[in-house]
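Reading the structure
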Amino acid sequence: MSRTIPKLTPAEKSEFVSTLRLLLTAGKNGGAVRFKHEGRSLKGVDCVGTPVWGYAQLGMACYVRDLDRYSKTPDGHTLERMIREHLGEPLKKHQWQPGDIALLRWIGKGGANISHVAILTRYRFDETGKTFGLLHALRENKKVIEHVLDSVWRRRIVEVYRT
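Being a predicted model, the structure only gives us computed values, none of them experimental. (Residues numbered from 1 in each chain as written. Predicted model: local features only at pLDDT ≥ 70, side-chain atom pairs only at ≥ 80, totals over all residues. Heavy atoms only, no water.)

1. A look at the pattern of salt bridges
As enumerated under the stated definition, the model contains six salt bridges in all. Between Arg 21 and Glu 146 there is a salt bridge, with its nearest N and O atoms 2.7 Å apart. Taken together, the positions of Arg 21 in helix H1 (residues 10-21) and Glu 146 in strand E6 (residues 143-148) put the pair 125 residues apart, joining distant regions of the chain. We classify Arg 21 as partly exposed; its relative accessible area is 30%. Residue Glu 146 is classed as buried on the basis of its relative accessible area, which comes to 18%. Across the pair Arg 40 and Asp 46 runs a salt bridge, and its minimum N-O distance is 3.0 Å. A relative accessible area of 23% places Arg 40 in the partly exposed class. Members of the salt-bridge network, linked through shared partners, are Lys 13, Asp 100 and Arg 162. (Salt bridge = Lys/Arg side-chain N within 4 Å of Asp/Glu carboxyl O. Helix = DSSP H or I, 4+ residues; strand = E, 2+ residues; numbered from the N terminus. Buried < 20%, exposed > 50% of the residue type's maximum accessible area, 1.4 Å probe, protein only.)

Dropping the structure here:
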């Protein structure tokens, strides 16, 4: 399927990531915004709500199609299908950039289904300039977090999409 929305410029992607980082400090007492299933506000967001909220703050709501009334245990296909229909084909690893949307496999009771969304960030710079981070709302942490994309998290990434 062809893309129906324009690609973000590097400056827009940087602004998007900066806006999402507000979720790390805009919660109660200056802490991170808490995890809330189907949340789309500073009162709480979930993994899908994180990019949806970020784009809405920038007036770019068309960049990520929102989902509503979904299970806390995703079926493993709906999320992937929705993202692919809206954003096109996934990227190759060497094409990843901060601001791209990653779909992750979560290993749990339902197996190893695609069931999580995170945003790639530039977490820190090293000699290659390729040290990525992930910014996402994680139920297990009960809040929005950002951390380095280490080998454990990298293995969970199934596909990455450009917005």
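Resuming the write-up.
2. Regarding unusual backbone geometry
The phi dihedral of Glu 38 falls on the positive side, at around 65°, and the residue is not glycine. Its location among the elements puts Glu 38 in the loop between H1 and strand E1 (40-41). Glu 38 gets classed as partly exposed once you look at its relative accessible area, which sits at 32%.

3. Comments concerning a positive patch on the surface
Where like charges cluster on the molecular surface, the positive patch consists of Lys 28, Arg 34, Lys 36 and Lys 43. Mapped onto the elements of the fold, Lys 28 is located in the loop between H1 and E1. (Patch = residues over 30% accessible without salt bridge, like charges linked within 9 Å, V, L, I, M, F, W, Y side chains within 5 Å. Areas by Shrake-Rupley, 256 points an atom, 1.4 Å probe, with all protein chains shown as cover. Lys, Arg positive; Asp, Glu negative; His and termini not counted. Charge placed at Lys NZ, Arg CZ, Asp CG, Glu CD.)

4. A look at helix H2 (residues 49-57)
The buried fraction of H2 is high, at seven of nine residues. Listing the buried residues of H2 in full gives Gly 49, Thr 50, Pro 51, Val 52, Trp 53, Gly 54 and Tyr 55. Following H2 by one or two positions, Gly 59 has its phi on the positive side, about 70°.

5. Some thoughts on the packing of aromatic side chains
Counted by the stated rule, this structure contains two aromatic pairs. With a centroid separation of 3.9 Å and an interplanar angle of 5°, the aromatic rings of Phe 16 and Tyr 55 are classed as stacked. Taken together, the positions of Phe 16 in helix H1 and Tyr 55 in helix H2 put the pair 39 residues apart, joining distant regions of the chain. Accessibility classification places Phe 16 together with Tyr 55 in one group, the buried group. (Phe/Tyr/Trp six-rings, centres within 6.5 Å; stacked < 30°, edge-to-face > 60°.)

6. What to know about the environment of Ile 114
Position of Ile 114 relative to the elements: it lies in strand E4 (residues 111-122). A relative accessible area of 7% means that Ile 114 is categorised as buried. Each C-alpha atom of the pair Ile 114 and His 77 lies 7.0 Å from the other, and the pair is 37 residues apart in sequence.

7. Digging into the environment of Val 160
Note on placement: Val 160 falls in strand E7 (residues 157-161). The exposure class of Val 160 is buried, given its relative accessible area of 1%. In this structure the C-alpha to C-alpha distance between Val 160 and Gln 95, which are 65 residues apart in sequence, comes to 9.2 Å.

8. Thoughts on the packing of H1 against H2
One way to put it is that H1 packs onto H2 with a least axis distance of 9 Å and a crossing angle of 115°. On the basis of their axis angle, the class for H1 and H2 is roughly perpendicular. For H1 against H2, the interelement crossing comes out right-handed. Only Thr 50, Pro 51, Trp 53, Gly 54, Tyr 55 and Gln 57 of H2 make contact with H1, whose side of the interface consists of Phe 16, Thr 19 and Leu 20. Classifying every residue of the contact of H1 with H2 gives five nonpolar, four polar and no charged. (Axes fitted to C-alpha atoms, helices over the stretch in contact; angles between N-to-C directions. Parallel < 35°, antiparallel > 145°, perpendicular 65-115°, else oblique. Left-handed = near helix turned anticlockwise from the far one by under 90°. Contact = heavy atoms within 4.5 Å. Nonpolar A, V, L, I, M, F, W, Y, C, P; charged D, E, K, R; others polar.)

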